[in-house]
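Analysis of the macromolecular model
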Amino acid sequence: MGCDRNCGLIAGAVIGAVLAVFGGILMPVGDLLIQKTIKKQVVLEEGTIAFKNWVKTGTEVYRQFWIFDVQNPQEVMMNSSNIQVKQRGPYTYRVRFLAKENVTQDAEDNTVSFLQPNGAIFEPSLSVGTEADNFTVLNLAVAAASHIYQNQFVQMILNSLINKSKSSMFQVRTLRELLWGYRDPFLSLVPYPVTTTVGLFYPYNNTADGVYKVFNGKDNISKVAIIDTYKGKRNLSYWESHCDMINGTASFPPFVEKSQVLQFFSSDICRSIYAVFESDVNLKGIPVYRFVLPSKAFASPVENPDNYCFCTEKIISKNCTSYGVLDISKCKEGRPVYISLPHFLYASPDVSEPIDGLNPNEEEHRTYLDIEPITGFTLQFAKRLQVNLLVKPSEKIQVLKNLKRNYIVPILWLNETGTIGDEKANMFRSQVTGKINLLGLIEMILLSVGVVMFVAFMISYCACRSKTIK
């Protein structure tokens, strides 16, 4: 009986050891299985989860606009006073609801090219007013023309056309006109062919956001969804060769680490930009990493050399020491467009000093992305940007003659957001997170049970041996 009992205890200890070892072996094997499954499903080809959601997002994406309504236009024009603005919004549009077009796989270089069509549908229930609401804003055509045509003789001609059209430094426009375009009375009088329709996002509906070519990840999963080339409506050759623009996208390769710097391309600001890890977030039961745009992304070239291409002159930028705004006129056909974060968040004091009524805060005005780290999928994001126009004094243009300083005038800021829906979140938890957690739980149970059994049976065996010897 003593021998049988000892054998039973030894057998139990052996079984426990085997379970512990199996649990230990299962861990790396399980990790390999997870990696293999994930790598298969994030490739951008027909039949994968990634491809299905990439061609047409299942998430509703909204773009909210807040317009800066100028309260003292005459005072500014006559006395060069600070511009007093009042934020009005949000005015909300549904965007990015159209599927990608002309999706073409290239087996030779493992890329996929596509067109991203644009469309915007106004959402009255999510807005504070209608598209017919009026705003007093900077006259886009007057500000741009005086900047583009700096020859004094040309400006004299422009001045006569501005006066004849009864245009001024500021104008009243509806939301629809400001965003999507209107026929400008001043430009309509120009005696040679020019585009007479002006709008911050004109043209938009029924257009495409350029031709993208991204890696599909078949040969190298670490490159999946990263942009190889982009051919937009503008010539990018200068920027591609000097500013290293096309090196990011809003989708990321799998197995994201907190230490990574995530780069993504935004055609709105004509460049790639980056985000850094901030915190762990639980999004509808799915653990995600929150990455945010750091203040350094909009720093001066003195602090961040990556921004040297966006300092195109020495006066406005105060010899490239001013920060918080990016001059993107090079890709806006010379128009003096400056991009910043809303309310000049992270901008130097000299930028916001001539503007009254701004209240920057990180919670409302920063950009962030919530990334599921195993798949690299973006499950929630908020892209926040402000569109500004430079206006300068001009001796030959009457409506700008009394200005005594340069202004970077905020026109509007936008918040484009998207969050994984409840149905998609449930599917993601069951197909991805749930299976990974289950496999991890099985590994830990086997390891734990095995260790406990081994220790328990060995203690019993030793106790039994001690009694037998006595």
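Residues numbered from 1 in each chain as written. Predicted model: local features only at pLDDT ≥ 70, side-chain atom pairs only at ≥ 80, totals over all residues. Heavy atoms only, no water.

Together, Ile 148, Tyr 149, Tyr 192 and Val 194 give the surface a local cluster of nonpolar side chains, amounting to about 320 Å² of exposed area. Along the chain, Val 194 turns up in the loop between β8 (182–183) and β9 (197–198). (Patch = residues over 30% accessible without salt bridge, like charges linked within 9 Å, V, L, I, M, F, W, Y side chains within 5 Å. Areas by Shrake-Rupley, 256 points an atom, 1.4 Å probe, with all protein chains shown as cover. Salt bridge = Lys/Arg side-chain N within 4 Å of Asp/Glu carboxyl O. Helix = DSSP H or I, 4+ residues; strand = E, 2+ residues; numbered from the N terminus.)

To continue, consider the nonpolar core. In globular proteins that are soluble, nonpolar side chains generally tend to be buried together. Grouped together as the largest cluster of nonpolar side chains are 88 residues, with contacts concentrated most on Ile 83, Tyr 93, Leu 138, Met 169, Phe 186 and Val 391. Once you skip the residues sitting within four places of it in the chain, Met 169 turns out to touch Val 76, Met 77, Leu 138, Asn 139, Val 391, Val 399, Leu 400 and Leu 403. Grouped together as the second largest cluster of nonpolar side chains are 25 residues, Val 43, Ala 225, Ile 286 and Leu 379 included. (Core = buried A, V, L, I, M, F, W, Y, C linked by side-chain atoms within 4.5 Å. Buried < 20%, exposed > 50% of the residue type's maximum accessible area, 1.4 Å probe, protein only. Contact = heavy atoms within 4.5 Å.)

All right, on to the sheet that holds strand β3 (residues 101–106) then. Each strand in a sheet pairs with another by means of backbone hydrogen bonds, the pair being arranged parallel or else antiparallel. Here 4 strands make up an open sheet; going across it, the order is β3-β4-β10-β11 and the pairing antiparallel. Of all the strands in the sheet, the pair left with one neighbour each is β3 and β11 (227–231). Averaged over all neighbouring strand pairs, the angle between strand axes comes to 15 degrees, with direction disregarded. (Pairing = 2+ DSSP bridges. Axes fitted to C-alpha atoms, helices over the stretch in contact; angles between N-to-C directions.)

This brings us to the packing of aromatic side chains. Considering all chains together, one arrives at 15 aromatic pairs under this definition. Ring geometry for Trp 66 against Trp 413: centres 4.2 Å apart, planes inclined by 5 degrees, an arrangement best described as stacked. With Trp 66 in strand β1 (residues 61–70) and Trp 413 in strand β20 (residues 407–419), this residue pair connects regions lying 347 residues apart in the sequence. With respect to burial, Trp 66 and Trp 413 carry one shared label: buried. Grouping aromatic residues by their ring pairs yields a cluster made of Phe 65, Tyr 93, Phe 122, Trp 180, Phe 201 and Tyr 204. Seen from the ring of Trp 54, Lys 100 lies directly overhead, with NZ or CZ sitting 4.9 Å from the centre. The ring of Phe 215 has Lys 223 sitting right over it, with the charged end atom 3.9 Å from the ring centre. (Phe/Tyr/Trp six-rings, centres within 6.5 Å; stacked < 30°, edge-to-face > 60°. Lys NZ or Arg CZ within 6 Å of the ring centre and 35° of its normal.)

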